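# Per-entry structural report
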Amino acid sequence: MTYPPQQPGPGPTDPGAGHNHWVPPRSPLPGGTSNSPGAGQPYFAQDHQLRPPAQRIEYASWGRRVLATLVDFAFSIPYLISYTAMTTTIEYGSYDPRTGAYVRGHGPDDTLMVLTVILGLATFAFWIWNTIVRQGKTGASIGKRVHGIRVVSEETGQPIGVGQNFARQLAHILDGLPCYIGYLFPLWEDKRRTFADMIMKTVVLRDPNEAPPTPANDVGTLYR
C-alpha cells in the first residue's frame, strides 16, 4: 500500500469536474512532491511560517512616564513665563496709616496681558491636540513618542480613540485627589497602571520599535 493512500478524484467527464478537486496533502517529511505547498519542509516548519511573529508586552516604567509628561509640559513654559512677567507689573493699592491716605494701584501691563492671553489660548489648543486628539488616535502624545511609550486598550492593544482618551484625562482627577497617590501607583502595581488606567482599562506600553530586544527565554504576555 502506498503512503499517502491515493483517493480518486472526479474524471474529466464527471458532472463535478472542475470543482472540489482533491489536492494531495503536504508531505510530512522533507522532500515532498514539487507541487505541494511547503514541499521539502516538515509540517512544523510549514505551520510556523503561517503564524505572525509574537510580540512581547513590556509595560512602561513610572520614570519613563514622568519624563514623557515633562516633555509635554515644556510646551506650556512660554505661557508661564509671560504670565509671571504680567503679574509682576500689577501694583496693588495700599493704605498709609500715618497720613490716612489710600494709594490706588493699577492693573497689569496691557502688552503683557494681551501676550499672556494669546499664549494661554495657544497652549490650551495645543494641549487639546497633543493630549486628547493625537494621543487618542495614535496612542502617544509628543512626549510619549519621544520616550517610546504609548497608551492602548488593555483588551485590544490598540489606541483607545479621542472620546475615551478624553474620558481618561478626566479620570486622572481621581489620581490627584488622595494626595496624588494614583500617580504613584505604577511604582508597585503589576501592570504599572494609575487609577485612571484601571477605570478606563488601559495600559501604557513600551513601543516595540523603541524597546530593546528581549531574551528568548524571558517570560511575558504575548500579543499575536
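This text gives an overview of the structure that appears in the document. Computed from a prediction, not measured in an experiment: that's the story for all the values here.

### Some points on the overall build of the chain
The helix and strand inventory of the chain stands at eight helices and six strands. Along the chain direction, N to C, the helices and strands of the chain fall in the order α-β-α-α-β-β-α-α-β-α-α-α-β-β. Counting every position in the chain, which comprises 224 residues, the buried fraction comes to 24%. When contacts within the chain are restricted to residue pairs at least 6 apart in sequence, long-range pairs at least 24 apart make up 56% of them. Carbon and sulfur atoms make up 63% of the accessible area of the chain, which totals about 15100 Å².

### Regarding a nonpolar patch on the surface
Together, Phe166, Leu170, Ile173, Leu174, Leu177 and Ile199 give the surface a local cluster of nonpolar side chains, amounting to about 590 Å² of exposed area. The dominant element in the nonpolar patch, judged by the number of residues it contributes, is helix H6 (residues 162–176), at four residues. Of note, isoleucine 173 is situated in helix H6. The exposed category is assigned to isoleucine 173, whose relative accessible area is 52%.

### Quick notes on the pattern of salt bridges
What the rule picks out here adds up to seven salt bridges. Between lysine 191 and glutamate 154 there is a salt bridge whose closest N-O contact spans 2.3 Å. Here lysine 191, found in the loop between helix H7 (181–184) and helix H8 (195–200), pairs with glutamate 154, found in the loop between strand E4 (149–153) and H6; they are 37 residues apart in sequence, far enough to count as distant. Glutamate 154 gets classed as partly exposed once you look at its relative accessible area, which sits at 22%. Close ionic contact of arginine 193 with glutamate 154 constitutes a salt bridge, the shortest N to O distance being 3.4 Å. Here the residue arginine 193 occupies a position in the loop between H7 and H8, and glutamate 154 occupies one in the loop between E4 and H6, the gap between them amounting to 39 residues. On the basis of relative accessible area, arginine 193 is assigned to the buried category, the value being 15%. The network of salt bridges with shared partners includes Glu154, Glu189, Lys191 and Arg193.

### As for helix H4 (residues 110–138)
Spanning 29 residues, H4 covers 40 Å between terminal C-alpha atoms, matching the ideal 42 Å at 1.5 Å per step. Taken residue by residue, H4 has Thr116, Asn130, Thr131, Ile132, Gln135 and Gly136 as its buried positions. Elements that come into contact with the buried residues of H4 comprise helix H2 (62–74), helix H3 (77–88), helix H5 (142–146), E4 and H6. At the N-terminal end of H4, a side-chain oxygen is found 3.1 Å from the backbone nitrogen of threonine 111, two or three residues along, and the residue is aspartate 109.

### Describing the packing of aromatic side chains
A full pass over the atoms with the stated rule returns seven aromatic pairs. Arranged with centres 6.1 Å apart and planes meeting at 35°, the rings of tyrosine 79 and tyrosine 83 form a pair that is tilted. In this pair, tyrosine 79 and tyrosine 83 are both assigned in helix H3, four residues apart and thus about one turn of the helix distant. Looking at tyrosine 79, the relative accessible area reads 26%, which means it is partly exposed.

### Here's the deal with the pairing of strand E5 (residues 202–206)
Of all the five residues making up E5, five are buried; the element is thus mostly covered by neighbouring parts of the structure. Relative to E5, E4 runs antiparallel, the two sharing five bridges. Across the sheet, serine 153 pairs through a bridge with threonine 202, a residue of E5.

Quick notes on the rules
Residues numbered from 1 in each chain as written. Predicted model: local features only at pLDDT ≥ 70, side-chain atom pairs only at ≥ 80, totals over all residues. Heavy atoms only, no water. Helix = DSSP H or I, 4+ residues; strand = E, 2+ residues; numbered from the N terminus. Buried < 20%, exposed > 50% of the residue type's maximum accessible area, 1.4 Å probe, protein only. Contact = heavy atoms within 4.5 Å. Areas by Shrake-Rupley, 256 points an atom, 1.4 Å probe, with all protein chains shown as cover. Patch = residues over 30% accessible without salt bridge, like charges linked within 9 Å, V, L, I, M, F, W, Y side chains within 5 Å. Salt bridge = Lys/Arg side-chain N within 4 Å of Asp/Glu carboxyl O. Expected span 1.5 Å × (residues − 1). Polar contact = N/O pair within 3.5 Å; in protein donor to acceptor, adjacent residues only side chain to side chain. Phe/Tyr/Trp six-rings, centres within 6.5 Å; stacked < 30°, edge-to-face > 60°. Pairing = 2+ DSSP bridges.

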